[in-house]
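Coordinate analysis (summary)
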Amino acid sequence: MIVGVGVDVVDIARFMATLERAPRLREKLFTPPERDLAPSSLAARFAAKEALAKALGAPGNLLWHDCTIPRVRGGAPVVEVRGTVAARAAELGVAYFHLSLSHDGGIATAMVVAES
């Protein structure tokens, strides 16, 4: 059963300009393995974290570092959760997240489906 759906779109150039203006933001938003990715991949991961929060009902207590979108070469993207995000998922009965990422034409998009 679908528990929630979230989608987010990020303008890659605008997002990277924001990270350049506020360098500490990169550390706040991303886990160490995510931080040095290419701009399009970084923006897609930010979109994924936003979409994930929306799929979970967007509670204000989720921590950015409690979600990681690791690189999976040759496979579908995955969501790894812990802490506040895992607790919210458990509260809603979420057993699995489906994630789709795309980036083209200066835009990064992510869609998350939370399934029980």
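Criteria and thresholds
- Residues numbered from 1 in each chain as written.
- Predicted model: local features only at pLDDT ≥ 70, side-chain atom pairs only at ≥ 80, totals over all residues.
- Heavy atoms only, no water.
- Buried < 20%, exposed > 50% of the residue type's maximum accessible area, 1.4 Å probe, protein only.
- Helix = DSSP H or I, 4+ residues; strand = E, 2+ residues; numbered from the N terminus.
- Arc of directions from axis to C-beta.
- Contact = heavy atoms within 4.5 Å.
- Polar contact = N/O pair within 3.5 Å; in protein donor to acceptor, adjacent residues only side chain to side chain.
- Lys, Arg positive; Asp, Glu negative; His and termini not counted.
- Salt bridge = Lys/Arg side-chain N within 4 Å of Asp/Glu carboxyl O.
- Core = buried A, V, L, I, M, F, W, Y, C linked by side-chain atoms within 4.5 Å.
- Phe/Tyr/Trp six-rings, centres within 6.5 Å; stacked < 30°, edge-to-face > 60°.

1. A few points about helix α1 (residues 12-21)
Looking only at α1, the buried set comprises Ile12, Phe15, Met16 and Leu19. Down the axis, α1 shows its buried residues gathered within 95° of arc, on one side only. Seen from the open side of α1, the exposed residues pointing more than 90 degrees away from its buried face are Ala13, Arg14 and Arg21. Where α1 is buried, its residues contact β1 (2-11), α2 (24-29), α3 (39-55), β4 (96-104) and β5 (107-115). The opening residue of α1, the one whose side-chain oxygen lies 3.2 Å from the backbone nitrogen of Ala13, is Asp11.

2. Considering the side chain of Asp66
Position of Asp66 among the secondary structure elements: in the loop between α3 and β2 (67-68). Notably, Asp66 is buried but unbridged: the nearest opposite-charge side chain belongs to Arg82, and the N-O separation is 4.5 Å. There is a polar contact of 2.7 Å between the side chain of Asp66 and the side chain of Thr84.

3. What to know about the nonpolar core
In terms of nonpolar packing, the biggest core is built from 32 residues, with Phe15, Leu52, Leu56 and Phe97 touching the most fellow members. Contributions of two or more residues to this core are made by α1, α3, α4 (83-92), β4 and β5. At 10 residues, α3 tops the list of elements feeding residues into this core. If we skip the residues at most four places from it in the chain, Phe97 touches Leu52, Leu56, Val79, Val81, Ala89, Val112, Val113 and Ala114.

4. With respect to the environment of Val3
Structurally, Val3 is set in strand β1. Linking Val3 and Pro77, residues 74 residues apart in sequence, is a C-alpha distance of 19 Å. Once residues lying within four places of it in the same chain are set aside, the contact partners of Val3 are Leu92, Val94, Ala114, Glu115 and Ser116.

5. Details of the packing of aromatic side chains
Any aromatic ring pair is given by two values, namely how distant the centres are and how the planes are angled relative to each other. Counted according to the given criterion, the structure contains 3 aromatic pairs. When the ring of Phe15 is compared with that of Phe46, the centres are 4.9 Å apart and the planes differ by 25°; the resulting orientation is stacked. A residue pair is termed long-range when its members are at least 10 positions apart, and Phe15 in helix α1 and Phe46 in helix α3 qualify at 31 residues. Among the residues examined, Phe15 registers a relative accessible area of 8% and is labelled buried. In this structure Phe46 comes out as buried when scored by relative accessible area, which is 16%. Between Phe46 and Trp64, the ring centres sit 5.4 Å apart and the planes meet at 20°, which makes this aromatic pair stacked. Residue Phe46 is found in helix α3, and its partner Trp64 is found in the loop between α3 and β2; the two are separated by 18 residues along the sequence. An aromatic cluster of at least three residues, connected via ring pairs, comprises Phe15, Phe30, Phe46 and Trp64.

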